[in-house]
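Here are the chains, one letter per residue:
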Amino acid sequence: MEGNNYEKTLIFTLIAIVTICIMGNVYAALSCNIGVQASKTEIKKNEEFTVNVNVSNIQSERGIISMGGTLEYDKDSLELVKMEGKNGWETPTEGASYNVANGKIAITRSGLGKNAETIFTITFKVKESSKQNLIVGMKDISVADGTQPIKIAQAYQNITVTGGTSNPVPDEPTVNPTPNPDDKPSNSTLGGNTNSNKNTNNKNITKSQSLPKAGDNTKVLGILVIAIIIIAVVFFIKMKLFNKKMGQ
């Protein structure tokens, strides 16, 4: 009887180990929201304004440490004055972490971070020859916590230039709320517009992130489960032989 109880205990222990491994892979997946937020959305010619690239609702045991993407804006209408890293984030620097030719940015943080915050700020100046309807933002965004990165399609902000040359409003993705760095992750924050600017023309566009593919994790779990089953079978056979020998 003692042998049978021991075998049952072993089986339950192995099941618990597998369950913990599976749950760990489910809850360890990184996710977050990225958004852009302009200091104002109605701007005059020759006026400067800022755009914050924000992160919020970070779900990660480690916290995020790197971010990349492509900066997009109308160079015929806007002049990029400067960029500045915030909250321990590296400043995108031309020739190092910022490529002027294609707009690609790749920056890191001084340490892992889990708080909603501004990653970096961009200062633009509106040109005299600016169009009326503009969008600024990021596309092909990736965020990482030191392990496998996640992809976020895009995050844009609509801008209207007073007195600018009339043009069609640029094509936009689906409109979603902007992550505000001052907001703690909550259902109410994610469900509504968190912009401090209440202008109804202020449309911030963000795309929810896609989680890492589960293929690799599934393979690892499969191998782990098979290994545990083999160990359990071998141990079970040995226990049976031992009990048989002891019964002789």
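Residues numbered from 1 in each chain as written. Predicted model: local features only at pLDDT ≥ 70, side-chain atom pairs only at ≥ 80, totals over all residues. Heavy atoms only, no water.

Observations concerning unusual backbone geometry
The phi torsion of most residues other than glycine is negative, and most of the peptide bonds are trans. A positive phi angle, near 70 degrees, is found at Asn46, a position not held by glycine. Among the secondary structure elements, Asn46 is positioned in the loop between β2 (42–44) and β3 (48–59). With relative accessibility at 42%, the residue Asn46 sits in the partly exposed group. Backbone geometry at Asn57 places phi at a positive 55 degrees, although glycine is not the residue there. Along the polypeptide, Asn57 turns up in strand β3. (Helix = DSSP H or I, 4+ residues; strand = E, 2+ residues; numbered from the N terminus. Buried < 20%, exposed > 50% of the residue type's maximum accessible area, 1.4 Å probe, protein only.)

Concerning the sheet that holds strand β7 (residues 117–126)
Pairing is antiparallel across the open sheet formed by four strands, whose spatial order is β1-β3-β7-β5. Of all the strands in the sheet, the pair left with one neighbour each is β1 (31–38) and β5 (78–85). With direction set aside, neighbouring strand axes in the sheet form an average angle of 20 degrees. (Pairing = 2+ DSSP bridges. Axes fitted to C-alpha atoms, helices over the stretch in contact; angles between N-to-C directions.)

Observations concerning a nonpolar patch on the surface
Together, Ile229, Val233, Phe236, Ile237 and Leu241 make up a nonpolar patch on the protein surface, roughly 450 Å² of accessible area in all. On the secondary structure map, Ile237 appears in helix α3 (residues 215–247). When its relative accessible area of 45% is taken as the criterion, Ile237 is described as partly exposed. (Patch = residues over 30% accessible without salt bridge, like charges linked within 9 Å, V, L, I, M, F, W, Y side chains within 5 Å. Areas by Shrake-Rupley, 256 points an atom, 1.4 Å probe, with all protein chains shown as cover. Salt bridge = Lys/Arg side-chain N within 4 Å of Asp/Glu carboxyl O.)

A short note on the pattern of salt bridges
Per the counting criterion, the structure on display carries five salt bridges. For the salt bridge of Lys131 with Asp74, the shortest nitrogen-to-oxygen distance reads 3.0 Å. Linking Lys131 in the loop between β7 and β8 (133–144) with Asp74 in the loop between β4 (64–72) and β5, this pair joins segments that are 57 residues apart in sequence. Two residues, Arg109 and Glu117, come together in a salt bridge whose shortest N-O distance is 2.9 Å. Each of the two residues, Arg109 as well as Glu117, counts as buried.

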